[in-house]
Structure formats: C-alpha cells, structure tokens
Amino acid sequence: MSREPFQPIEPTPISQADVTRYGLDRPGCRFSKNGQDPIFIAAQDEGFMRVGTDLKRFAARTESATLPGGARSTYVGLASWVDLARLPDAGGTGDANTWPARLIVHDAQDRVAYMADGTIRCREG
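First things first, this report covers the structure right here in the doc. The numbers attached to residues start from 1 for each chain and follow its sequence in the written order. Local features in a predicted model are, by the rule used here, given only for residues with pLDDT of at least 70; side-chain atom pairs are given and counted only at 80 or more, and totals for whole chains, interfaces and linings are based on all residues. Side-chain metrics in this entry use all non-hydrogen atoms of the structure; hydrogen atoms and water are not considered.

### Some words on the overall build of the protein
Let me state the cut-off plainly: For the purposes of this entry, the term helix denotes a DSSP run of H or I that reaches at least four residues, the term strand denotes a run of E that reaches at least two, and both are numbered from the N terminus. Relative accessibility under 20% of the residue-type maximum defines a buried residue, over 50% an exposed one, and the middle range a partly exposed one, all with a 1.4 Å probe and only protein chains included. Any two residues whose heavy atoms approach within 4.5 Å are treated as being in contact. Here the open area of atoms and residues is found with the Shrake-Rupley method and a 1.4 Å probe, where only the protein chains shown may cover a residue. Neither His nor the chain ends contribute to the count of charged residues, in which Lys and Arg are positive and Asp and Glu negative. Where a charge sits is defined by one atom per residue type, namely NZ (Lys), CZ (Arg), CG (Asp) or CD (Glu).
On a plain count of helices and strands, the protein comes out with one helix and nine strands. In the protein, the succession of helices and strands from N to C terminus is β-α-β-β-β-β-β-β-β-β. On the principal axes, the C-alpha backbone points of the protein span a range of 45 × 35 × 30 Å. When each of the 125 residues of the protein is scored for burial, the buried share is 42%. If you take every contact in the protein between residues at least 6 apart in sequence, the share linking residues at least 24 apart comes to 46%. Taken as a whole, the protein presents about 7300 Å² of accessible surface, with 50% of it coming from carbon and sulfur. Put simply, the protein has 15 plus and 16 minus side-chain charges, and the middle of one group is 1 Å from the middle of the other.

### Some words on the pattern of salt bridges
Put simply, the test is: Within this document, salt bridges are pairs made up of a side-chain nitrogen of Lys or Arg and a carboxyl oxygen of Asp or Glu, the two lying within 4 Å of each other.
With the rule as written, the count across this model stands at nine salt bridges. Of the charged contacts in the structure, one is a salt bridge between Glu63 and Arg61, with a shortest N-O distance of 3.4 Å. Owing to a relative accessible area of 41%, Arg61 belongs among the partly exposed residues under this scheme.

### Overview of the packing of aromatic side chains
The following threshold applies: Pairs were defined over the aromatic rings of Phe, Tyr and Trp, the Trp ring being its six-membered one, requiring ring centres within 6.5 Å. Orientation was assigned from the angle between planes: stacked under 30 degrees, edge-to-face over 60, tilted for the rest.
This structure, assessed with the given rule, holds two aromatic pairs. Plain terms: the ring middles of Phe40 and Phe58 are 5.9 Å apart, the flat faces sit at 65° to each other, and that makes the pair edge-to-face. Of the two residues, Phe40 is situated in strand E3 (residues 40–42) and Phe58 in strand E5 (residues 54–60); the sequence distance between them amounts to 18 residues. Phe58 shares its class with Phe40; the two are buried.

### Observations regarding the layout of surface pockets
Empty space among the atoms becomes apparent when a probe as large as a water molecule is rolled across them. Note the cut-off: In this analysis the probe radius is 1.4 Å and the grid spacing 1 Å, with only protein atoms considered; a cavity is a set of points the probe fits into but cannot get out of, a pocket is an open set with protein on both sides within 12 Å along at least five of seven lines, and lining residues have an atom within 4 Å of a point. Grid points are joined across faces, edges and corners, and a volume is the space filled by probe spheres set on the points. In this classification, the charged set is Asp, Glu, Lys and Arg, the nonpolar set is Ala, Val, Leu, Ile, Met, Phe, Trp, Tyr, Cys and Pro, and all remaining amino acids, among them Gly, are polar.
Each pocket or cavity is described by its volume, and for the largest pocket that value is around 390 Å³. Looking at the largest pocket, it is lined by 18 residues, and the ones nearest its centre are Ile9, Ala79, Ser80, Asp107 and Ala108. Elements with a contribution of two residues or more to the lining of the largest pocket: strand E4 (46–51) and E5. With three residues, E5 is the largest single contributor of residues to the lining of the largest pocket. When its residues are assigned to classes, the lining of the largest pocket shows nine nonpolar, four polar and five charged.

### Quick notes on the side chain of Asp18
Keep this limit in mind: Within 3.5 Å is the distance limit for a polar contact, defined as a pair of N or O atoms, with the added protein rule that one can donate a hydrogen and the other accept it, and that residues adjacent in sequence qualify only through two side-chain atoms.
Tracing the chain through its elements places Asp18 in helix H1 (residues 16–22). The exposure class assigned to Asp18 is buried, which follows from its relative accessible area of 11%. Of the polar contacts made by the side chain of Asp18, one reaches the side chain of Arg50; its length is 3.0 Å. Beyond its immediate sequence surroundings of up to four residues, Asp18 is in contact with Gly23, Leu24 and Arg50.

### Quick word on the side chain of Asp83
Positionally, Asp83 belongs in strand E7 (residues 80–86). The side chain of Asp83 is buried and forms no salt bridge, while Arg61, the nearest opposite charge, is found at 6.3 Å. In terms of polar contacts, Asp83 uses its side chain to reach the side chain of His106, at 3.4 Å. Those residues in contact with Asp83, other than ones at most four positions away along the chain, are Ser73, Thr74, Arg102, Leu103, Ile104 and His106.

If you want it as structure tokens, here you go:
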C-alpha cells in the first residue's frame, strides 16, 4: 500500500573530466552506449553512475559474478541497484575484455527504472 510512484532513472555519460576529478581511472569495467563516454563505471569495491548532476556511488555485491579487473556484475546503492549482463556476441566482436552487454537499473522496489544495451570494456590492474 505504501508504494512510491514509479520514477524512471536517466543516467548521463560520465565525462573524462569526472574520471580525472574523482579518481575513477582504475582497473575494472565501463559500460557505454554507442561508443559514448561510459554510463556506468564498475570497479572492485564500488561502481559509479551519473544521474543529473549527481555522481551516484554503488557498493559491489560480493556474491555476484566477477568480471575482469575485479569488477562485479551487481552493485547496490541507497535507492537503486545495477546489474550488468553479458549479451550474445552475434557479430563475433567480443573478446575476454570487451563484449556486448545490458545495463539494468532497478529502483528500491525492484522495478526496472532504466535499461540499455551497449558494450562493456574491462581492464586489469
């Protein structure tokens, strides 16, 4: 009965200036759409996503799958959580550190607030 009204989440790309300013250039993975700047940066212990003017921080869920660079497939925030899922590689362009993926952002009540297909690029330390 006390369900909040649904509000979609619209992440914006994390710029290179943000990466430099907040020290986000570390081993892990980056999810991008259409070759743009990353929408989500996944590191070993935490992940980051820009929503409006806020850079949101998420904690890595240690029970989730491990990705290259020590990143995880699931990250939990205060009011939402993020899943990174590998998609089938129809074009054969994927390799051990780059592959097609889907980013899914859930709100606090498990509703899908944002979903996008793109590419994950990972790098080791």
